[in-house]
Amino acid sequence: MSKNTSTKSRSTKSTKKPAAKAATKPTQSKKVADQYDNGDYNYLRYWDHRAYEHASEEMAIKRLLKGKHFKTAADIGGGYGRLCVFLEDYADKVTLAEPSKQQLKIAKDFLKGHPEIDQVLTQADDLQLKTGSQDLITVIRVMHHLPDPSAEFKEIRRVLSDDGILILEIANNAHGRNRIKYALKGKGVPTQPVDIRSAENRNDDEPAFVNHHPKTVIKQLAHAGLKVDRVLSVSNLRSPGLKKILPKGIMLAAESIMQPTLARTYFGPSVFLLVRKAK
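Please read these numbers as outputs of a predicted model, since none were measured by experiment. (Residues numbered from 1 in each chain as written. Predicted model: local features only at pLDDT ≥ 70, side-chain atom pairs only at ≥ 80, totals over all residues. Heavy atoms only, no water.)

*Asks:* Honestly, the side chain of Thr-72 in this entry has me stumped. Any pointers?
*Replies:* Counting through the fold element by element, Thr-72 comes out in strand β1 (residues 70-76). Separated by 2.7 Å, the side chain of Thr-72 and the backbone oxygen of Ser-133 make a polar contact. Thr-72 has contacts with Ala-91, Lys-93, Ser-133, Gln-134, Asp-135 and Leu-136, leaving out every residue within four places of it along the chain. (Helix = DSSP H or I, 4+ residues; strand = E, 2+ residues; numbered from the N terminus. Polar contact = N/O pair within 3.5 Å; in protein donor to acceptor, adjacent residues only side chain to side chain. Contact = heavy atoms within 4.5 Å.)

Structural data, given as structure tokens:
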């Protein structure tokens, strides 16, 4: 993005040619993406009892990237680097691109055995990465903080190489349980982002937390010059009750079948998209 520095010129009788405009200077991101810098919140601990969800996400990425290997990869909004070590199986060079100083501080310890993974403090709408430099980009569990991801999609397209791949995870508002809930109320699933914050947190001082309709996101990607090649339905059995009674192995065996089978219905609470640049 660049700031418009042009101004209306005053009328003059001079016949001199107008001076050339000075080069515009890119503006920094205007969005605040430091919600995980709160000293009372540790995202690493969030995953303590979410082994099924973590394994489901790795399963989806593995399925989408089967047989592929890349020179460079960047995990945008990757927190403390949860998926970065896993991504090293698919890329020669991995970069953790994260807007939270606290998360990068945790990453220094979490990734201490992997000094080859770069850690960059940056935001998704103003990435400090070179144009066309990334062959693989992952954006996982980020969309719920982006009510309007248009600027981020445009910036990701800039950074993505011409034949590169984006794996985008959507916090899905059109999942199976929600469709039943809306249907019982005689309503359709909203196509616009739905704010899922508690009533007391619905104010400008609190970070956005939304769920999206996958069809709307696919249209937004297309508007940014990106096209979806493949869809997976992910974390299909995400339920505290089920996790108490079913072994993780059984849940993951079912998950393996459900991811491609339920993809067209957007059944799961997470939807993974394999995205490329539109030609």
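*Asks:* What is the right way to look at a positive patch on the surface in this model?
*Replies:* Taken together, the side chains of Arg-177, Lys-181, Lys-185 and Lys-187 define a basic patch exposed on the protein surface. With respect to the element layout, Lys-187 can be found in the loop between α6 (176-184) and β6 (194-195). (Patch = residues over 30% accessible without salt bridge, like charges linked within 9 Å, V, L, I, M, F, W, Y side chains within 5 Å. Areas by Shrake-Rupley, 256 points an atom, 1.4 Å probe, with all protein chains shown as cover. Salt bridge = Lys/Arg side-chain N within 4 Å of Asp/Glu carboxyl O. Lys, Arg positive; Asp, Glu negative; His and termini not counted. Charge placed at Lys NZ, Arg CZ, Asp CG, Glu CD.)

*Asks:* Explanation requested: the packing of helix α2 (residues 51-64) against helix α9 (residues 248-261) in the structure shown.
*Replies:* Working note: a packed helix pair is described by the angle between its axes plus the distance between those axes. The contact between α2 and α9 brings their axes to 10 Å, and the two run at 35°. The two elements α2 and α9 meet at a crossing, and its hand is right-handed. Mapping the contact onto sequence places Ala-51, Tyr-52, Ala-55, Ser-56, Met-59, Ala-60 and Arg-63 in α2 and Lys-248, Met-251, Leu-252, Glu-255, Ser-256, Gln-259 and Pro-260 in α9. (Axes fitted to C-alpha atoms, helices over the stretch in contact; angles between N-to-C directions. Left-handed = near helix turned anticlockwise from the far one by under 90°.)

*Asks:* Before we go on, may I ask you to explain the pairing of strand β2 (residues 91-98) in this structure?
*Replies:* Sheet faces and side chains relate simply in a regular strand, where the side chains alternate between the two faces. Most of β2 sits out of view: 6 of its 8 residues are buried. With 4 bridges connecting them, β2 and strand β3 (residues 118-121) associate as parallel partners. If you follow Glu-98 over to β3, its bridge partner there is Leu-121. (Buried < 20%, exposed > 50% of the residue type's maximum accessible area, 1.4 Å probe, protein only. Pairing = 2+ DSSP bridges.)

*Asks:* What should I look at first to understand the sheet that holds β3 in this one?
*Replies:* Strands belonging to one sheet form pairs held by backbone hydrogen bonds; the direction of such a pair is parallel or antiparallel. With mixed pairing, the 7 strands of this open sheet are ordered in space as β3-β2-β1-β4-β5-β9-β8. In this open sheet, the two strands that pair with only one neighbour each are β3 and β8 (226-234). Each neighbouring strand pair of the sheet contributes to a mean axis angle of 20°, computed without reference to strand direction. Looking at chain direction, β1 and β2 are connected through 6 bridges and run parallel. When the sheet's bridge partners are listed, Ala-74 is paired in β2 with Thr-95. Where helix α4 (residues 101-110) meets the sheet, it contacts β2 and β3, and its direction lies at approximately 165° from that of β3. On the sheet, helix α7 (residues 214-223) packs against β5 (160-171), β8 and β9 (270-277) and is oriented at approximately 160° with respect to β5.

*Asks:* Can you walk me through the pattern of salt bridges in this structure?
*Replies:* A side chain with one charge can pair with a side chain of the opposite charge if their charged atoms come near. By the definition in use, this model includes 12 salt bridges. Linking Lys-243 and Glu-53 is a salt bridge whose minimum nitrogen-to-oxygen distance equals 2.8 Å. One end of the pair, Lys-243, is in helix α8 (residues 240-245); the other, Glu-53, is in helix α2, with 190 residues separating them in the sequence. Relative accessible area serves as the criterion here: at 28%, Lys-243 is assigned to the partly exposed category. Of the residues examined, Glu-53 reaches a relative accessible area of 2% and is grouped as buried.

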